[in-house]
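Observations on the model geometry
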Amino acid sequence: QQASDGHIIPRLVHVHTSTAADWHVVLASWDLEDLESPIVKYEWAIGTVPGGTQLQGFTSVGRSTSARNEGLSLQHGSSVHVTVVATNAAELRTVVDSEPAVVDLTPPVISQIRDGVEDYDIDYQSSTTFSVSWDVKDEESGVSQCEWTQGLSPGSGEISPFQPTDSLSSSSADLTGQIHHGQTVYTTVRCHNHAGLESLAVTDGVTLVTEPPDSSAAELRVAPVSQTPFPAEDSHHSATDQLRLFWEGFVDEAGIDHYELSIDGPNNYTHTWLSAGLHGETSATLSGLGLGPSQTYTVFCRAVNMGGLVSDAVWTNVTVETKPPIVNGSSVFSQWQPPDILRLDWSGSFLSQSALVYEVSLGTVRGGSDVMQWVETTETSMNITGVDHSRAHYVIITAVNRAGLYTSQVQRLWV
């Protein structure tokens, strides 16, 4: 707005407010011109309405085309109006009012900051081009610019210093050669408003995943399940409906999301992958199986990392053995050797699908073990010393296969 009694040509009056400590600053500048007589004086006033002087009365600034007042107390959201009076050498005056400037005492509001350019936040990516997006607004003075920096911890900037963003809502950068597999990048966004205030927001980080998990030190084990008091060995199993599996040694700096298991072998087991360890577990029980007796199966395990990359599989074999050893009908051969040695030989007495371990006891009554108790051997013969030849003895030989199944044979030894 303007009122003039001379030939001064008014142009724009610029007004800017900012905050300094507990006080607020009003800065104004203007551009006026008189083609016939020089301007000799400017006066300015600050008010809450056009032409008003509620905040500052008219004050001369000489021929300066700018002025500032640093001692004002302004209310957030209120309007500030600057009035400039220009006087030329003929003492003719022109009055010019600025457009209202809204007092902004609060920084921009940054919300919904997220790694990636989608409407959702991502936590892992395989590309070395890192993007971040956000929402920012400042209803009073508007957003003037945003900057961003990236680092390896929240709020840090060791990867790249603050620099202007591509736009006021997103930015991207190629970090090839600056980070490697398994590192997490955190982005800090800083936005400024036209009042000179700024605010920060930090992402929760996105991890680079470019390599599959390392399985070079991984191991897979089938936990033996025995249906008897005797333990089964790792590679043998007596149950046909389930397998209990344990694994360890998979490594990935980016983190492992889950594991996958598979069985390959007879009875239509064709290497189908099943997910396991979805909550970090390193064991699983596969139930409802139909494993065939006297069959050998190969069990596989592999790791899947947070980026969906899959490791090489590790494997182990398991043999299903459902029948205990069979007594072949042969007698235990015994021979007394002076002065007190008893030699026993049970070669061929037992038949089994797998190797056998024998448990031998010797007593003076049937089923007794008062002379020798529960001596284990993998041989099919042994010498026992300190035996009284004058008495009858009974030998108990229990044959245990690798699945923990067993059969016992009791025989009297004659003097």
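Refer to the structure presented above.
The shown structure was predicted, so the numbers you read here are calculated from the model rather than taken from an experiment.

A word on the pattern of salt bridges
- In the structure shown here, the tally under the stated rule is 4 salt bridges.
- Close ionic contact of R190 with E147 constitutes a salt bridge, the shortest N to O distance being 2.9 Å. One end of the pair, R190, is in strand β16 (residues 184-193); the other, E147, is in strand β13 (residues 143-151), and 43 residues separate them in sequence. Like E147, R190 is buried.
- Residue R402 pairs with E233 through a salt bridge whose shortest N-O separation is 2.8 Å.

Section: the packing of aromatic side chains
- Taken as a whole and judged by the stated rule, the model has 7 aromatic pairs.
- Plain terms: the ring middles of F230 and Y406 are 5.1 Å apart, the flat faces sit at 65° to each other, and that makes the pair edge-to-face. Remark: Y406 occurs in strand β36 (residues 406-413) and F230 occurs in the loop between β19 (219-223) and β20 (236-237); sequence separation between them is 176 residues.
- Here the aromatic cluster, defined as three or more aromatic residues joined through ring pairs, consists of W247, F250 and Y259.
- In this structure, R190 is placed above the aromatic ring of F162, and the distance from its NZ or CZ to the ring centre is 3.8 Å.
- Over the aromatic face of W273 sits the side chain of R302, whose NZ or CZ is 3.8 Å from the ring centroid.

Concerning the pairing of strand β8 (residues 93-97)
- Relative to β8, strand β7 (residues 79-88) is paired through 5 bridges, and the arrangement is antiparallel. Each residue of the ladder has a partner; that of T83, found in β8, is D97.
- Hairpin connection of β7 to β8: 4 residues between the antiparallel strands, including E91 at a positive phi of 60°.

Here is what the cut-offs are and how they apply
Residues numbered from 1 in each chain as written. Predicted model: local features only at pLDDT ≥ 70, side-chain atom pairs only at ≥ 80, totals over all residues. Heavy atoms only, no water. Salt bridge = Lys/Arg side-chain N within 4 Å of Asp/Glu carboxyl O. Helix = DSSP H or I, 4+ residues; strand = E, 2+ residues; numbered from the N terminus. Buried < 20%, exposed > 50% of the residue type's maximum accessible area, 1.4 Å probe, protein only. Phe/Tyr/Trp six-rings, centres within 6.5 Å; stacked < 30°, edge-to-face > 60°. Lys NZ or Arg CZ within 6 Å of the ring centre and 35° of its normal. Pairing = 2+ DSSP bridges.

Keep in mind these numbers describe shape, not what the thing actually does.
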